[in-house]
Amino acid sequence: MLNIVLVEPEIPNNTGNIGRLCVGTESRLHLIHPFGFLIDDKNLKRSGLDYWVHLDVTEYENVDEWMKNIPDLSRVFLMSSHAEKSYLEIDFQDGDWLVFGKESKGLSKDVLDRFENHLTIPMSKLIRSFNIANSVAFVVGEAKRQITLKKNKI
């Protein structure tokens, strides 16, 4: 099962859509406070629809609390538009942690400095970034594709 981590999410609709994606891909969602919304926000519920009740979700007060739950820091991948290595170059494994920052600023330098694996999503120079829900979908889709191929070879 993949672990999707949102650090300080700001927009409830994005978090709701990502929650729905996690249910559909059998991934766990990890949410790190502070949020830019209340967890019972009607927009979050609308975006997640009635799938939210099926979501495997855990909330953490801060990054330090979340990090205590990671068994292998080498399997944590932080998404950043400033990274040089593409997520398409990674050999993903079941149980990996895919980490995304807040919509307005991405991941802080402090969070980035705690981990080695920084990845980017290749994009046209005409845009700064993709919407976070789309970014999560790109990376989860590729990771799930790889994991499924490995399982089918066994």
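The chain is annotated in an unreviewed UniProt entry as Putative tRNA (cytidine(34)-2'-O)-methyltransferase of Chryseobacterium muglaense. What the UniProt record of the chain gives under Subcellular location (unreviewed entry) is the line "Cytoplasm".

Draft legend 1. Spatial organisation of the sheet that holds strand S5 (residues 85–86). Strands sit in the order S3-S2-S1-S6-S4-S7-S5 across an open sheet of 7 strands; the sheet is parallel. Strands with a single pairing partner mark the edges of an open sheet, and in this sheet they are strand S3 (57–60) and S5. Note that strand S4 (residues 76–79) and strand S6 (residues 97–100) share 3 bridges and pair parallel. Residue pairing for S6: Leu78 is matched across the bridge by Val99. Helix-sheet contacts for helix H1 (residues 12–25) involve strand S1 (3–7) and strand S2 (28–32), and the interaxial angle to S2 is about 150°. Most of the contacts of helix H5 (residues 132–153) go to S6, to which it runs at about 165°, and overall it touches S1, S4 and S6.

Draft legend 2. Highlighting the environment of Val139. Following the sequence through the fold, Val139 ends up in helix H5. Given the relative accessible area of 0%, Val139 is considered buried. When the C-alpha positions of Val139 and Ile121 are compared, they lie 8.1 Å apart, and in sequence the two are 18 residues distant. When near neighbours in sequence (up to four residues on either side) are disregarded, Val139 contacts Met79, Tyr87, Phe92, Leu98, Phe100 and Ile121.

Draft legend 3. Highlighting the pairing of S1. Counting buried positions along S1 gives 5 out of 5 residues, so the element sits mostly inside the fold. Across the two faces of S1 the burial is the same, with Asn3, Val5 and Val7 and Ile4 and Leu6 all buried. Summarising the sheet, S1 and S2 pair through 5 bridges and their orientation is parallel. What sits directly across from Leu6, in S2, is Leu31. Of the crossover connections in this fold, the one passing from S1 over H1 to the parallel S2 is right-handed.

Each value, and the rule that gives it
Residues numbered from 1 in each chain as written. Predicted model: local features only at pLDDT ≥ 70, side-chain atom pairs only at ≥ 80, totals over all residues. Heavy atoms only, no water. UniProt positions renumbered as here; feature names shortened; annotations may be inferred. Pairing = 2+ DSSP bridges. Helix = DSSP H or I, 4+ residues; strand = E, 2+ residues; numbered from the N terminus. Contact = heavy atoms within 4.5 Å. Axes fitted to C-alpha atoms, helices over the stretch in contact; angles between N-to-C directions. Buried < 20%, exposed > 50% of the residue type's maximum accessible area, 1.4 Å probe, protein only. Right-handed = clockwise from strand over helix to strand, strands pointing away.

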